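Secondary and tertiary structure notes
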Amino acid sequence: KGCFLISFNGAIIYDLSDMSRLRDLRLPDEYAAYLCREAQKSHLYIQAYNETKVLAPYLCPELLYYSGRNVVDYEIVPDLYQQKVFHTPKVLMVSTEDPSALEKFRQDHLSWQEGRCVSFFSCPQYLEYCPAEATKAEGIAFFEKRLGIAHEDTVAVGDEDNDAAMIRYAGTGVVMKNGNEAVKPFADYITERDNNHGGLAEVLCRYAGVDVNLPQ
């Protein structure tokens, strides 16, 4: 009890004591369908999601890369790109061979995106589109209100472009030593350790008073 999970960049928030949803936002179907069509035109792989799995139109290296790296199950839906109802919290494009193609796609669609949804990179190979209200900053604000947490007592820790909003919003924003250089200017503190060698433990010791044996 008292443990929560912010998922899909803040679109869905779970109370882990009973797995109930405290927040459940979905990317409008017309936007998901549009992005699928546009990705096809640009010869980019794009996937959607249901409650437990990635939904993909076909098996490909990009899907295997994503599912293996994130340890997530997938389901092949051959007519995915022709669907009119998605009910997905986000869509995500993957490009392992030419990530610059994702940046071009994003730039080409910025004017369309305005007021409809948000886009960001969770790593150079992943371009994500989420509901307009779905940001990790909104997730923090949600819990400030629900749990009565003072804004100055919130700490956000991240390392990538999709963490920038919450790092800027939180009372204290922390970026990992090996985080994206573009995010570091928003940080109040940059860890001395990276996220593979005790970076989070360092943050817990510094800001939460947790006694953790830090790796040397």
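Whatever comes next refers back to the structure up there.
Description of the structure in this document. Predicted model only: the values in this text are computed from it and were never measured.

Some thoughts on the sheet that holds strand 2 (residues 12–15)
As summarised here, the arrangement of the 3 strands in space is 1-2-3, forming an open sheet in which the pairing is antiparallel. Each edge of the open sheet carries a strand with a single partner, namely strand 1 (4–7) and strand 3 (20–24). This sheet shows a mean twist of 20 degrees between the axes of neighbouring strands, independent of strand direction. Bridge analysis of strand 2 against strand 3 gives 4 bridges, and the strand direction is antiparallel. Each bridged residue has a counterpart across the sheet, and for Tyr14 the counterpart in strand 3 is Arg21. On top of the sheet, helix 5 (residues 136–147) reaches strand 1, strand 2 and strand 3; it is set at about 150 degrees to strand 1, its chief contact.

Overview of the sheet that holds strand 6 (residues 74–76)
On the basis of which strands lie adjacent, the open sheet formed by 6 strands has the order 6-5-4-7-9-8 and mixed pairing. Both outer strands of the open sheet, strand 6 and strand 8 (117–123), are each paired with one neighbouring strand and no more. For this sheet the average axis-to-axis angle between neighbouring strands, irrespective of direction, equals 30 degrees. With 3 bridges connecting them, strand 5 (residues 54–56) and strand 6 associate as parallel partners. Each bridged residue has a counterpart across the sheet, and for Leu55 the counterpart in strand 6 is Glu75. Against the sheet, helix 2 (residues 61–70) makes contact with strand 4 (45–49), strand 5, strand 6, strand 7 (91–94), strand 8 and strand 9 (126–131), and its axis sits at roughly 45 degrees relative to strand 4, the strand it touches most. The strands that helix 3 (residues 100–108) touches are strand 7, strand 8 and strand 9; relative to strand 9, the one it contacts most, it runs at about 30 degrees.

Parameters at a glance
- Residues numbered from 1 in each chain as written.
- Predicted model: local features only at pLDDT ≥ 70, side-chain atom pairs only at ≥ 80, totals over all residues.
- Heavy atoms only, no water.
- Pairing = 2+ DSSP bridges.
- Helix = DSSP H or I, 4+ residues; strand = E, 2+ residues; numbered from the N terminus.
- Axes fitted to C-alpha atoms, helices over the stretch in contact; angles between N-to-C directions.
- Contact = heavy atoms within 4.5 Å.

Scope: geometric values only; no functional claims are made or implied.
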